[in-house]
Amino acid sequence: MSNQAPLMGQMMNQPLLISGILEFAARHYANSEIVSQRVEGDLHRYTFRECHQRARQLANALQALGVHMGERIATLAWNGYRHLEAYYAVSGSGAVLHTINPRLHPEQLAYICNHAEDQFLLFDFCFLPLIEAIAPHCKTVKGWILLGAADRMPADSKIPNLMCYEDLLAAQSADYAWPQFDESAAATLCYTSGTTGNPKGALYSHRSTVLHAYASALPNVLNVSSRDAVMPVVPMFHVNAWGLPYSVPLSGAKMVFPGAALDGKSVYELMEKEKVTFSAGVPTVWLGLINYAVQNKLKFSSFVRTVIGGSACPPAMMNTLIDDFGVEVIHGWGMTEMSPLGTTGGLLSKHMELPKAEQRKILQKQGHAIYGVDMKIVDELGEELPWDGATSGSLLVKGPWIIASYFKGEGGDVLEDGWFPTGDVATIDPDGFMQITDRAKDVIKSGGEWIGTIDLENIAMSHPGVMQAACIGVPHPKWDERPLLVVVRRAGSTVTREELLAHFDGKIAKWWLPDDVVFAENLPVGGTGKIQKNKLREQYSDYQLPS
Ligand code: ADP
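As the structure is a computational prediction, the values presented were derived from the model and not from experiment.

Peer 1: Explain the pairing of strand β15 (residues 341-344) here, please?
Peer 2: The side chains of a regular strand alternate between the sheet's two faces. As paired elements, strand β14 (residues 328-334) and β15 share 3 bridges and run antiparallel to each other. The residue bridging Gly 334 from the neighbouring strand is Leu 341, located in β15. Connecting β14 to the next strand, β15, in antiparallel fashion are 6 residues, including Ser 339 with a positive phi near 75°. Relative to strand β16 (residues 367-369), β15 runs antiparallel, the two sharing 2 bridges.

Following this line, the structure appears as structure tokens:
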């Protein structure tokens, strides 16, 4: 085609802004409910209409506090309606919402607060002691806002400029017009959990967030509709609860927030009470819920679908949820740098006639790319590898909700030829289903060959006596590294090392067999519910494998 200018389309050009999502929900699904298990202990309920009203009051309050466009406003809070109001008021008014993980070490909390240059910090009252500890170290914070009513305010506190959220809102009207600005403006900021080095910031834009929300609600992805009642168990400080605070309102579904109560009993009871149909979380949370339901011989009356991601969903967990509880499991993969969703599992129509065991193998993969995300696997030289379902390589991604550079440019050039290297090692099959074999830093290098740990862990966890398992490489004089399996037994189980090793027979190549098994009371879990393999590696760095 000659290089003439294209003929331009004649459609309205409206920026994709986060405020538009809540505005839409409040206008078109005004009466859809938002139910929150509050840190105060009771259940709070209201509608999208009321949420929109209070979000505008908060936007006015932020303006009265002198917050400017682009300034960072932090939250340290569990999943709940006030946190949702902050999601919309902060980003919607042009400031940047910085969600902080309260499970981080206080020093790390202060580090990211300073790095982000947070101007105000909103927090659940249960975090008062934590705020008291970090406040003197957070140099840029001008005021601390307690997410509660006046009766929760401490009588005396050393926290400077401590304010009451409900009082701030009460002083403002809901008369506020969401500003219109460039959709590429920053909207939210999330830091990676920083298992190595300092945490790095991923700065999402309005455009990337809205596109991610659109795509994630699709039937092939989370399949959220106005008939759903969605409970985000994944915290709102963990990559924006995987986008659910945006994808649920735009779908008109009911939202159910579990607050701080994430134990099996609390999650189960709230699910039943509020007729939750769909939820999302990391495997460790589902472990608690399943154990509670099994121990108490309970079934779910409304819960039919869940997305599990953040770390590999053990096949044994998937089987239990599908076969014993009738809950469809969508395996999801992504990362902070990807907003976070990249792939989700599911079947193609040609798979529908396959035997159940074959179907399960497909569902256990991390899944198919979501429209908007492109991916490829490459070798050490950056050459693209075939999609044959067997060859594994470094996984690279690109798309409009994938990071281009870290906040403040820290971390140097992140892209390789326009692609983001995920740090994961994966295969892709001819139908486009991707399967993670490991994180590059967790892979065990034995005699120049790689051993993927996810497979070994999944096999260990398919033994009925095993509750949790993690496989790590420990130094070996001849092979460099060899696999050591660390196992947490189920209550009452007496499974032995020999029985476990025999359980691997015929399931893997002989040289992949763990050299040893150790039993532990529990495994170290990080702020986002993932097993911390770096801690385990440290703990077992001197471990003497049997020769
Ligand atoms: P962090 O990188 O800070 O731990 P993220 O939540 O961004 O936090 O983690 C992203 C990583 O988690 C991915 O790169 C991948 O290694 C792992 N991960 C996420 N989902 C899955 C999954 N379904 N299966 C296996 N690994 C996963």
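Peer 1: Would you mind showing me how to read the UniProt feature "domain: AMP-binding enzyme C-terminal" (unreviewed entry) in the protein chain here?
Peer 2: Feature annotation in UniProt places "domain: AMP-binding enzyme C-terminal" (unreviewed entry) on residues 456-530, given in this structure's numbering. Helix makes up 17% of residues 456-530 and strand 33%, and the two end C-alpha atoms of the span are 17 Å apart.

Peer 1: Explain the site of the ligand to me, please; I cannot follow it from the model alone.
Peer 2: Around the ligand, the structure places 16 residues, and the nearest of them are Ser 193, Gly 332, Thr 336, Asp 424 and Lys 530. Within the contact set of the ligand, an oxygen atom lies 3.1 Å away from a side-chain nitrogen or oxygen of His 238. Interatomic distance of 3.0 Å between a side-chain N/O atom of His 331 and a nitrogen atom of the ligand. For the ligand, the accessible surface in isolation is 570 Å², of which the surrounding protein chains cover 94%. No other element matches the 4 residues that β14 contributes to the shell around the ligand. Classifying every residue of the shell around the ligand gives 3 nonpolar, 10 polar and 3 charged.

Peer 1: Where do I start with the sheet that holds strand β4 (residues 96-99) in this structure?
Peer 2: Strands pair in a sheet through their backbones, by hydrogen bonds, and they do so in one of two ways: parallel or antiparallel. Taken in spatial order, the 7 strands of this open sheet run β7-β6-β5-β3-β4-β8-β9, and their pairing is mixed. One side of each edge strand has no neighbouring strand; the edge strands of this open sheet are β7 (162-164) and β9 (201-205). If you compare each strand with its neighbour and ignore which way they point, the axes differ by 25° on average. Bridging between strand β6 (residues 143-146) and β7 involves 3 bridges; their strand directions are parallel. Residue pairing in the sheet places Ile 145 in a bridge with Met 163 of β7. Here helix α4 (residues 106-116) sits on the sheet and contacts β3 (72-76), β4, β5 (120-123) and β8 (186-191); the angle it forms with β8, its principal contact strand, is near 155°. Sitting on the sheet, helix α7 (residues 206-216) is in contact with β8 and β9, with an inclination near 80° to β9.

Peer 1: Quick question: what am I supposed to make of α4 here?
Peer 2: Listed as buried for α4 are Leu 109, Ala 110, Ile 112, Cys 113, His 115 and Ala 116. On its buried face, α4 is in contact with β3, β4, β5, α5 (128-134) and β8. Two residues or fewer after α4 comes Glu 117, characterised by a positive phi angle close to 55°.

Peer 1: Would you mind showing me how to read the packing of helix α1 (residues 19-28) against helix α2 (residues 48-64) here?
Peer 2: Packed helices, taken two at a time, are described by the angle between their axes plus the distance between the axes. Following both chains from N to C, one finds α1 and α2 inclined at 140°, their axes separated by 8 Å at the closest point. Compared by their axis directions, α1 and α2 come out oblique. α2 is crossed by α1, and the crossing has left-handed handedness. Within the contact between the two elements, α1 uses Leu 22, Glu 23, Ala 25 and Ala 26 and α2 uses Phe 48, Arg 49, Cys 51, His 52 and Ala 55. In the contact of α1 with α2, the residues fall into 6 nonpolar, 1 polar and 2 charged.

Peer 1: Help me understand the packing of aromatic side chains in this model?
Peer 2: Two aromatic rings are characterised by how far apart their centres lie and by the angle between their planes. A complete count under the given rule lists 14 aromatic pairs for this structure. With a centroid separation of 5.4 Å and an interplanar angle of 75°, the aromatic rings of Tyr 46 and Tyr 81 are classed as edge-to-face. Linking Tyr 46 in strand β2 (residues 43-47) with Tyr 81 in helix α3 (residues 81-92), this pair joins segments that are 35 residues apart in sequence. Like Tyr 46, the residue Tyr 81 is buried in the burial classification. Measuring from ring centre to ring centre gives 6.1 Å for Trp 511 and Trp 512, while their planes differ by 75°; the resulting arrangement is edge-to-face.

Peer 1: Explanation requested: the pairing of strand β19 (residues 420-428) in the structure shown.
Peer 2: Of all 9 residues that make up β19, 7 are buried, and the element is covered over most of its length. Taken together, the 4 bridges between strand β18 (residues 393-398) and β19 define a ladder with antiparallel strand orientation. Each residue of the ladder has a partner; that of Leu 396, found in β19, is Pro 421. Relative to strand β20 (residues 433-439), β19 is paired through 5 bridges, and the arrangement is antiparallel. Residue pairing across strands places Ala 426 opposite Ile 436, the latter belonging to β20. Counted along the chain from β19 to the antiparallel partner β20, the turn is 4 residues long, and its residue Gly 432 has a positive phi close to 90°.

Peer 1: When you look at the layout of surface pockets in this model, what are you seeing that I'm missing?
Peer 2: Its volume calculated, the second largest pocket comes out at about 510 Å³. Pro 315, Gln 364, Gln 435, Asp 455 and Asn 458 are the residues nearest the centre of the second largest pocket, which is lined by 22 residues in total. Those elements that place two or more of their residues in the lining of the second largest pocket are α12 (315-325), β20 and α14 (453-461). Here the lining of the second largest pocket is composed, by residue class, of 10 nonpolar, 8 polar and 4 charged.

Rules and cut-offs
- One numbering rule holds for all chains: residues counted from 1, following each sequence as written.
- Predicted model: local features are reported for residues with pLDDT of at least 70 only, side-chain atom pairs are reported and counted for 80 or more only, and whole-chain, interface and lining totals are derived from all residues.
- Hydrogens and waters are ignored; side-chain quantities use all the structure's heavy atoms.
- In this description, strands pair whenever DSSP reports at least two bridges between them.
- Strands are runs of DSSP state E lasting at least 2 residues, helices are runs of H or I lasting at least 4, and numbering of each runs from the N terminus.
- UniProt positions are given in the numbering used here, feature names are shortened, and annotations may be inferred rather than shown by experiment.
- Definition of nearness: a residue and a molecule or strand are near each other if at least one heavy atom of the residue lies within 4 Å of the molecule or strand.
- Throughout this description, a polar contact denotes any pair of N or O atoms lying within 3.5 Å of each other; where both atoms belong to protein, one of them has to be capable of donating a hydrogen while the other can accept it, and for residues adjacent in sequence the pair is counted only when both atoms sit in side chains.
- What sets the accessible areas is the Shrake-Rupley method with a 1.4 Å probe; for residues, cover comes only from the shown protein chains.
- Residue polarity follows a fixed list, in which Ala, Val, Leu, Ile, Met, Phe, Trp, Tyr, Cys and Pro are nonpolar, Asp, Glu, Lys and Arg are charged, and the others, Gly among them, are polar.
- Here, axes are lines fitted to C-alpha atoms. For helices the fit covers the stretch in contact, and angles between N-to-C directions go from 0 to 180 degrees.
- Only heavy atoms enter the contact rule, under which two residues are in contact if any of them lie within 4.5 Å.
- Relative accessibility under 20% of the residue-type maximum defines a buried residue, over 50% an exposed one, and the middle range a partly exposed one, all with a 1.4 Å probe and only protein chains included.
- Here is the rule for angles: anything less than 35 degrees is roughly parallel, anything more than 145 is roughly antiparallel, 65 through 115 is roughly perpendicular, and the remaining ranges are oblique.
- Two helices crossing with the near one rotated counterclockwise from the far one by less than a right angle form a left-handed crossing, whereas a clockwise rotation gives a right-handed crossing.
- Classification of ring pairs rests on two measures: the distance between centres of Phe, Tyr or Trp rings, Trp counted by its six-membered ring, which must be within 6.5 Å, and the angle between planes, read as stacked under 30 degrees, edge-to-face over 60 and tilted in between.
- Both site types are read off a 1 Å grid over the protein atoms alone. A 1.4 Å probe that fits but cannot get out defines a cavity, while an open set with protein on both sides within 12 Å along at least five of seven lines defines a pocket; lining residues have an atom within 4 Å of a point.
- Grid points are joined across faces, edges and corners, and a volume is the space filled by probe spheres set on the points.

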